[in-house]
Amino acid sequence: MLTINSTSIKLKSLRITASQELASEDASGQSSSTESAETGAKAKMLTVTGYILFEDAGHLSDLFNMAEAVEAGARMIYRISNRTASTLGIKQVRFASKIDAVEQDSTRQWRVNFSLAEYRSVPEKKEQRLPEATANQQGGEVSADSEKVGVQYASLDKLLTENFGQLRT
């Protein structure tokens, strides 16, 4: 059973496949190292497949209208209700990639495929709750005769002394 915004999507032989890209980049440079830099967990994707009978052409039309819907210049966001989506913590989705309907003449129905991308994923929410990282300011002393007031130059000795002082206390 698949429900999007309280609308039941009536597909025979409904199949939902979940996937998620775990992005990383090669960090080995020119060496043969296997090191990689984690670049985050991307939104989960749900690939939906099923069949709509020719006599239920209105359902196919409604599904395509939902996929095309736009709100404030962006693809419409829908609330989803489905066992797989609930298990993975997916509450909101957008139609993604493409939607297609292929006629199956021998069985008088359309084979429908479409993808739903998670909106506001759990990793995204966690990332947004983190305090914004500020750039490290280099410490040091500004000479009195410096023309650039407010510019600080790094003083490694001063920073090491302060850090060791804090560690001792």
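So, here's what we can say about the structure.

Concerning the pattern of salt bridges
Under the counting rule described, the total for this entry stands at two salt bridges. With a closest N to O distance of 3.9 Å, K44 and E118 form a salt bridge. In this pair, K44 sits in strand β4 (residues 36–53) while E118 sits in strand β9 (residues 109–118), placing the two residues 74 residues apart along the sequence. Each member of the pair, K44 as well as E118, is classed as buried. For D100, the salt bridge goes to K98, with nearest N and O atoms at 3.7 Å.

Here's the deal with the environment of R15
With respect to the helices and strands, R15 occurs in strand β3 (residues 12–26). For the pair R15 and T47, spaced 32 residues apart in sequence, the C-alpha separation works out to 8.1 Å. Those residues within four positions of R15 in sequence are excluded, and the remaining contacts are T47, V48 and T49.

Remarks on the environment of R75
Tracing the chain through its elements places R75 in strand β6 (residues 74–75). Residues R75 and V93, 18 residues apart in the sequence, show an inter-C-alpha distance of 9.9 Å. A polar side-chain atom of R75 sits 3.3 Å from the main-chain carbonyl oxygen of F95.

Considering a nonpolar patch on the surface
A surface patch of nonpolar side chains, amounting to about 320 Å² of accessible area, comprises L160, F164 and L167. Along the chain, L167 falls in helix α4 (residues 156–168). By relative accessible area, L167 is classed as exposed at 68%.

Topic: unusual backbone geometry
The backbone of A72 shows a phi angle near 55°, a positive value even though the residue is not glycine. Here A72 is to be found in the loop between β5 (70–71) and β6. Despite not being glycine, R108 has its phi angle at roughly 55°, a positive value. Checked against the element boundaries, R108 lands in the loop between β8 (92–104) and β9.

Remarks on the packing of aromatic side chains
Counting across every chain of the model gives three aromatic pairs. When the ring of F54 is compared with that of W110, the centres are 4.7 Å apart and the planes differ by 65°; the resulting orientation is edge-to-face. In this pair, F54 is assigned in the loop between β4 and α1 (57–68) and W110 in strand β9, connecting sequence segments 56 residues apart. A relative accessible area of 14% places W110 in the buried class. Summarising the aromatic geometry, the rings of Y78 and F95 are spaced 5.8 Å apart at their centres and angled 90° between planes, so their arrangement reads as edge-to-face. With Y78 in strand β7 (residues 78–81) and F95 in strand β8, the pair connects residues that are 17 residues apart, well separated along the chain. Residue classification places Y78 among the buried positions, given a relative accessible area of 5%. Through pairs of rings, three or more aromatic residues link up here, namely Y78, F95 and F114.

About the cut-offs
Residues numbered from 1 in each chain as written. Predicted model: local features only at pLDDT ≥ 70, side-chain atom pairs only at ≥ 80, totals over all residues. Heavy atoms only, no water. Salt bridge = Lys/Arg side-chain N within 4 Å of Asp/Glu carboxyl O. Helix = DSSP H or I, 4+ residues; strand = E, 2+ residues; numbered from the N terminus. Buried < 20%, exposed > 50% of the residue type's maximum accessible area, 1.4 Å probe, protein only. Contact = heavy atoms within 4.5 Å. Polar contact = N/O pair within 3.5 Å; in protein donor to acceptor, adjacent residues only side chain to side chain. Patch = residues over 30% accessible without salt bridge, like charges linked within 9 Å, V, L, I, M, F, W, Y side chains within 5 Å. Areas by Shrake-Rupley, 256 points an atom, 1.4 Å probe, with all protein chains shown as cover. Phe/Tyr/Trp six-rings, centres within 6.5 Å; stacked < 30°, edge-to-face > 60°.

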